[in-house]
Amino acid sequence: MLLLPPDSGLTARRIDENDTAALQALCEACTDYHELIYGQPAAPDEASQLLRMLPPGKTLADKLIFGLFTPRPRLCGVLDVARDYREPGEWYLGLLLLEPAVRGHGQGERVLRALEDWARSQGARRMRLACAEQNEAGRRFWERQGYRVDRRFPPRRMGVRDTVLLEFLRELTQGHAESRSKSSAE
Ligand SMILES: CC(C)(COP(=O)(O)OP(=O)(O)OC[C@H]1O[C@@H](n2cnc3c(N)ncnc32)[C@H](O)[C@@H]1OP(=O)(O)O)[C@@H](O)C(=O)NCCC(=O)NCCS
């Protein structure tokens, strides 16, 4: 169970096809993100794709997709993670997306730290994720959170643009308390 800190004012719960309409509305509210990464707005079936999307060789049993909810409750963000990809103990964060009004208040950090703590309790040793090179705010965010670029993939077609993906990595097993106090002091 993913428990978000009380000061976030948000709660997290697993979402599924019953949440498709709310997730689609979130994707459409995040047009800036889709334009930046894919060069086009969210697809009409973006939410269903997101609910089904899996890393190669994984099944839905390995996919954990959480909605982030305001107290009302209203879906204001989504977190998609696959466990044990590419190897046991290595988790892959497919997406962390907050609606624009929720960004810039430290909520991304609160959600990420809660995810890392929970993943660690489930046996995760390492977290990976991919961030588009042109997503400069995203890159700054991951670097502030203690992630470092581990790989750079050749450009690939994503939507209507060619995008370079940077793969970020963070070891979860060593020095996380130190890194956390450093990042919260910044
Ligand atoms: C990336 C993302 C998850 C980060 O979450 P966040 O809650 O916005 O992150 P933070 O609040 O820690 O930082 C965002 C910015 O707000 C600033 N900020 C942080 N706390 C702040 C506060 N209390 N008041 C004002 N600004 C603040 C940070 O300095 C940072 O500035 P920067 O962009 O110049 O580096 C979120 O912005 C998002 O969903 N973006 C769109 C999707 C995306 O790019 N996801 C990553 C895909 S790889």
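Just above sits the structure.
The sections below set out a description of the structure shown in this document. Given the structure is predicted, the values throughout are model-derived calculations rather than measurements. (Residues numbered from 1 in each chain as written. Predicted model: local features only at pLDDT ≥ 70, side-chain atom pairs only at ≥ 80, totals over all residues. Heavy atoms only, no water.)

### Some details on the overall build of the chain
And then number 1: Within the chain, the secondary structure is distributed over six helices and nine strands.
And then number 2: Over its C-alpha atoms the chain spans a radius of gyration of 16 Å, differing by no more than 12% from the 16 Å that the globule rule assigns to 186 residues.
And then number 3: Out of the 186 residues belonging to the chain, those deemed buried represent 47%.
And then number 4: Of the contacts made within the chain by residues no fewer than 6 positions apart, 59% connect residues no fewer than 24 positions apart.
And then number 5: For the chain, the accessible area works out to roughly 9600 Å², and carbon and sulfur atoms hold 52% of it.
And then number 6: If you average the places of the 28 positive and of the 27 negative side-chain charges in the chain, the two averages end up 2 Å apart. (Helix = DSSP H or I, 4+ residues; strand = E, 2+ residues; numbered from the N terminus. Rg over C-alpha atoms; globule rule 2.2 N^0.38 Å. Buried < 20%, exposed > 50% of the residue type's maximum accessible area, 1.4 Å probe, protein only. Contact = heavy atoms within 4.5 Å. Areas by Shrake-Rupley, 256 points an atom, 1.4 Å probe, with all protein chains shown as cover. Lys, Arg positive; Asp, Glu negative; His and termini not counted. Charge placed at Lys NZ, Arg CZ, Asp CG, Glu CD.)

### Points about the pattern of salt bridges
Pairs can form between side chains of opposite charge once their charged atoms are near each other.
And then number 1: Enumeration according to the criterion identifies 19 salt bridges in this entry.
And then number 2: As a salt-bridge pair, R110 and D7 come within 3.5 Å of each other at their nearest N and O atoms. Taken together, the residues R110 in helix 4 (residues 107-121) and D7 in the segment before strand 1 (11-14) connect sequence positions 103 residues apart.
And then number 3: Overall, the relative accessible area of 25% leaves R110 in the partly exposed class.
And then number 4: Where R86 meets E167, a salt bridge forms, and the shortest distance between an N and an O atom there is 2.7 Å. Here R86, found in the loop between strand 3 (75-82) and strand 4 (90-98), pairs with E167, found in strand 9 (residues 165-171); they are 81 residues apart in sequence, far enough to count as distant.
And then number 5: Here the residues in one salt-bridge network are R86, E87, E90, R126, R128, R148, D150, E167 and E171, joined through shared partners. (Salt bridge = Lys/Arg side-chain N within 4 Å of Asp/Glu carboxyl O.)

### Quick notes on the environment of A82
And then number 1: Structurally, the position occupied by A82 is in strand 3.
And then number 2: Look at A82 and you get buried, because its relative accessible area is 5%.
And then number 3: Sequence separation between A82 and R156 is 74 residues; the distance between their C-alpha atoms is 22 Å.
And then number 4: A82 has contacts with P55, D62, E90, W91 and Y92, leaving out every residue within four places of it along the chain.

### Quick notes on the sheet that holds strand 9
And then number 1: Ordered in space as 1-2-3-4-5-9-6, the seven strands form an open sheet in which the pairing is mixed. The open sheet has two free edges, formed respectively by strand 1 and strand 6 (148-152), since each of these has just one partner strand. Taken pair by pair, the neighbouring strands of this sheet meet at an average axis angle of 30°, ignoring direction.
And then number 2: Against the sheet, helix 5 (residues 136-144) contacts strand 4, strand 5 (126-132), strand 6 and strand 9, and its axis sits at roughly 160° relative to strand 5. (Pairing = 2+ DSSP bridges. Axes fitted to C-alpha atoms, helices over the stretch in contact; angles between N-to-C directions.)

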